[in-house]
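For reference, the chains in residue letters:
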Amino acid sequence: MFPTTHGILLREHVLLNSVMGVSVLGATGKFERLFLRYQRLIINISFILLAIIFAWPIMGNPNVVAAGDDSLFHLSRIYSLAQSLGSGQFLPGYDFMAFHSVGTAMNLFYPYVTTALPIVLLKYVLGHWASAIGLYYIGITCVTLVVTYRCTLALTTNRLAAFIFSVCYNFSIYRIDVAYPRFDLGELVVFLALPLALIGFELMLQKHDYDKWTWLVFGFSLMLYAHLLSALLVALLLGLRLAFGWRQVTKDLGVNLCKAFIWSILIGSYQLITLLEQCVAQPLHSIYTGGLLTILKDPAELLSNSINNSIYVYTIGLLGAVGLGLIVTNFDKLTYNGVNYGIWACFGIGAFILTSKLFPWRYLVHTPAAIIQYPYRLSLFATFFLIMVGSVVLAQLIGNYSPTKIVPMLSLLLLILVLFARSNADVLHKTKLVLGPRAATTFQLQHYKDGGTDDYLPQRAKHQLPKLWARRFYINDHATTFKIKADPRAFTTTVKTAKPDTLVDLPILYYVGAKISTATGKPPVTPLISNRGTVAITLPKAEVHRLQVTYQPTIKRQISAAVALISLGSFCLQGHFPAFKKFLT
């Protein structure tokens, strides 16, 4: 008996569904077969195009990066790092030519390896800061899209769910806020690290795929070199997840978590030692912790602002709100392909509540919880969990009611482009509001090199910044002023003393690694610390002195840099050489 037309179509339907759940209907059959044949290539190309679209505001007007809430801070750090590397200082210390040249050392305290450093290197290649920042945005977005897709596919085993989450997560309003209205490069990298850490942990816990401990290492290493606060919050979150899933804890899980912790510390040792040696050496002024009660809204207002999808309010956005709606209306679909997403749904809803007035933040103002600075920062986790679980639910609904997956995917892309077009218009509008006439000028990084901050100042220098900016010296406790010349390697000044053994207090902040020399050719020495937390020196002779203040990385810092590089190299090599991997693990 010859096969019937119905039988042939049925076999084709089953064959295509085994790959991605896509059926062949009429004229779309050839297109879908072509898509299935080249789906990996098509998805990767679409990610590249989406990454270019995400960076479009920079390509349209590079000045958008100067209009963010944190723009002056990050642009000053980038400028300082460029000057340091250009002068051969590969372990940067003082901000010699940035932050008003008073001896701040922001690249000692805030990670730069995954944020400022790639932009500086790209500038050396491309020759223009605007092109470097734009290409960095394209690169970080493309990598985040690919990594999010691969991680989600490993957890859900559903390409549609992975594609939906990857696109919606990367074009969520909070990520747009981080990239443009805030210009927070550290949190932008955390968006890349979060799927590695959270999904890797969930695969270990629920699917007992203990090889994914390496994902945790990559995720936490990225966070340690991007945003230390996020690394701490994610560690606490995983601890909470472990407590809720204690029945699934096994000995193998504990062993592999310990391996991930040790490797993460080794790879992140450079950043950790750099920070800790400064914090141990002297009391430092803490980062701002007074924002817990600011920018809080009622839950209804927060949800309304989310649906409006405006960049001017930090929320989960429309995509997060849709994810929340899908969750609360489809509780029966929170278990899929052997994975229970119920706890992630609870985490997403809980994080959303934490960003609102519903949570009593007033009782935590004077506790360690204030270190998060602003509750809206938790929108990162609400965005991740709500969109992730919503994507899994939506993929199931599409599988049940849609005969083809192509149309929903194209519809999603169209929706994303429409939403981003509105966000792009808002970004350009804010740029004009913040910069005024400068918004229409050529972007010049040096215009933004003198950002102001009091983070991690020596405690004694907390209220001294105006005097330091005014170049206020103290000669035996008598105030005076001298000129200071700053170049990429040193602060240089000329001081005349009238008496021997004169104590000179310079308007340059003291940090570990500071050195001062009193004459050309003389080896520099460690300076004294003045009562206001600045560099000081006792000059034995009454004469004109040429003083030069430099920075030399300590032995601890140099060793930690070597340990971090060797650990990273060893960790990467173990994935390629089985014998070496066996030796290390």
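Nothing here was measured: the structure is a model prediction, and the numbers come from that model. (Residues numbered from 1 in each chain as written. Predicted model: local features only at pLDDT ≥ 70, side-chain atom pairs only at ≥ 80, totals over all residues. Heavy atoms only, no water.)

1. Digging into the overall build of the protein
So the rule is basically this: Only DSSP runs of H or I reaching four residues or more are called helices, and only runs of E reaching two or more are called strands; each is numbered from the N terminus. Radius of gyration: C-alpha atoms only; globule rule: 2.2 Å multiplied by the number of residues to the exponent 0.38. By definition in these notes, contact holds between two residues if any of their heavy atoms fall within 4.5 Å. Accessible surface is estimated by sampling points in the Shrake-Rupley manner with a 1.4 Å probe; for residues, cover comes only from the protein chains shown.
Along its length, the protein carries 23 helices and eleven strands. By the compact-globule yardstick of 25 Å for 585 residues, the protein fits well, its C-alpha radius of gyration being 27 Å. Principal-axis analysis of the C-alpha atoms places the extent of the protein at approximately 115 × 60 × 50 Å. Partitioning the contacts of the protein with sequence separation of at least 6, the portion at a separation of at least 24 is 75%. Here the protein has roughly 25800 Å² of accessible surface; of this, 66% comes from carbon and sulfur atoms.

2. A short note on the sheet that holds strand β11 (residues 544–551)
Within a beta sheet, neighbouring strands are joined by backbone hydrogen bonds and run either parallel or antiparallel to one another. Heads up, the rule is: Note: two strands are recorded as paired if DSSP finds a minimum of 2 bridges between them. Note on definitions: angles span 0 to 180 degrees between N-to-C directions of axes, and those axes are lines fitted to C-alpha atoms, for helices only across the stretch in contact.
The four strands are arranged β5-β6-β11-β8 in an open sheet whose pairing can be described as antiparallel. At either end of the open sheet lies a strand with only one pairing partner, and these are β5 (484–486) and β8 (514–517). Here the average twist between neighbouring strands, direction ignored, is 20°. Direction of pairing for β8 relative to β11: antiparallel, over a ladder of four bridges. Pairing of K515 across the sheet is with T550, part of β11.

3. What about the packing of aromatic side chains?
Going by this rule: Classification of ring pairs rests on two measures: the distance between centres of Phe, Tyr or Trp rings, Trp counted by its six-membered ring, which must be within 6.5 Å, and the angle between planes, read as stacked under 30 degrees, edge-to-face over 60 and tilted in between. With a 1.4 Å probe rolled over the protein chains alone, any residue whose accessible area is under 20% of its type maximum counts as buried; one over 50% counts as exposed, and the rest are partly exposed. The criterion is that NZ of a Lys, or CZ of an Arg, lies within 6 Å of the ring centre and within 35 degrees of the ring normal, and then a charge sits over that ring.
Applying the stated criterion across every chain yields a total of 38 aromatic pairs. Pairing Y94 with Y551 gives two aromatic rings, centres 6.4 Å apart and planes at 75°, and the pair type is edge-to-face. Pair noted here: Y94 is in the loop between α5 (71–86) and α6 (106–109) and Y551 is in strand β11, with a separation of 457 residues, a long-range link. The burial state of Y94 is the same as that of Y551; both residues are buried. With a centroid separation of 5.7 Å and an interplanar angle of 85°, the aromatic rings of Y169 and F384 are classed as edge-to-face. One end of the pair, Y169, is in helix α9 (residues 159–170); the other, F384, is in helix α19 (residues 379–401), with 215 residues separating them in the sequence. A single burial state applies to Y169 and to F384, both of which are buried. Taken together, the aromatic side chains of F165, Y169, Y174, F191, F244, Y341, W344, F347, F384 and F385 make up a single cluster linked through ring pairs. In this arrangement the basic side chain of R182 is found over the ring face of Y314, its NZ or CZ atom lying 5.9 Å from the centre. Over the face of the ring belonging to Y363 we find R362, whose NZ or CZ atom lies 6.0 Å from the ring centre.

4. Here we look at the side chain of T453
Counting through the fold element by element, T453 comes out in the loop between α20 (406–435) and α21 (465–469). Of the residues examined, T453 reaches a relative accessible area of 14% and is grouped as buried. For T453, the residues in contact, after removing those within four places along its chain, are F73, F99, M106 and L465.

5. Overview of the packing of helix α16 (residues 299–308) against helix α17 (residues 317–328)
If you want to describe how two helices pack, look at the angle between their axes and the distance between the axes. For clarity, the threshold we go by: A crossing counts as left-handed when the near helix is turned anticlockwise from the far one by less than a right angle, and as right-handed when that turn is clockwise. Each residue is assigned to one of three groups, with Ala, Val, Leu, Ile, Met, Phe, Trp, Tyr, Cys and Pro labelled nonpolar, Asp, Glu, Lys and Arg labelled charged, and all others, Gly among them, labelled polar.
The contact between α16 and α17 brings their axes to 6 Å, and the two run at 115°. The handedness of the crossing between α16 and α17 comes out as left-handed. Contacts between α16 and α17 involve L303, S306 and I307 from the former and G317, L318, A321 and L324 from the latter. Across the contact of α16 with α17, the residue classes tally to five nonpolar, two polar and no charged.

6. Side note on the sheet that holds strand β10 (residues 534–539)
Across the sheet, five strands lie side by side as β4-β3-β7-β10-β9; this open sheet has antiparallel pairing. Every other strand in the sheet has two partners, leaving β4 (478–481) and β9 (528–529) as the edge strands with one partner each. As judged from the five bridges shared by strand β7 (residues 502–509) and β10, these two strands associate in the antiparallel manner. Among the inter-strand pairings, L503 is bridged to a residue of β10, identified as T538.

7. Overview of a nonpolar patch on the surface
Defined as follows: Exposure above 30% relative accessible area and no salt bridge define the residues that can form patches, which grow by joining like charges within 9 Å and nonpolar side chains of Val, Leu, Ile, Met, Phe, Trp and Tyr within 5 Å. When a carboxyl oxygen of Asp or Glu is within 4 Å of a side-chain nitrogen of Lys or Arg, the pair counts as a salt bridge.
Judged by side-chain polarity, Y38, L41, I42, I45, I48, L49, I52, W56 and M59 come together as a nonpolar surface patch covering roughly 830 Å² of accessible area. Listed by contribution, the elements that provide at least two residues to the nonpolar patch are α3 (39–54) and α4 (56–60). The leading source of residues in the nonpolar patch is α3, at six residues. Mapped onto the secondary structure, W56 falls in helix α4.

8. Side note on the nonpolar core
Which entries qualify depends on this criterion: Residues grouped as a nonpolar core are buried Ala, Val, Leu, Ile, Met, Phe, Trp, Tyr and Cys residues, joined through side-chain atoms within 4.5 Å.
The biggest cluster of nonpolar side chains holds 182 residues, and the ones touching the most others in it are Y94, Y137, W344 and F381. For this core, the element with the highest residue contribution is helix α11 (residues 185–206), accounting for 16 residues.

9. Concerning the side chain of Q373
Spelled out, the test is: For this analysis, a polar contact is any N or O atom pair within 3.5 Å, provided that within protein one partner can donate a hydrogen and the other can accept it, and provided that sequence-adjacent residues contribute only side-chain to side-chain pairs.
Residue position: Q373 is located in the loop between α18 (342–354) and α19. On the basis of relative accessibility, which here comes to 15%, the residue Q373 falls in the buried class. Among the polar contacts listed, one links the side chain of Q373 to the side chain of R377, at a separation of 2.6 Å. Apart from residues no more than four positions distant in its own chain, Q373 is found in contact with I287, Y288, G291 and L292.

10. A word on helix α7 (residues 116–126)
The line we're drawing: The reported arc concerns the directions from the helix axis to the C-beta atoms and nothing else.
Every buried residue of α7 is accounted for by A116, I119 and V120. Viewed along the axis of α7, the buried residues span an arc of 100°, placing them on a single side of the element. For α7, the elements touching its buried residues are α5, α8 (129–156) and α11. In the segment just after α7, G127 is the residue with positive phi, at about 90°.

Scope: geometric values only; no functional claims are made or implied.
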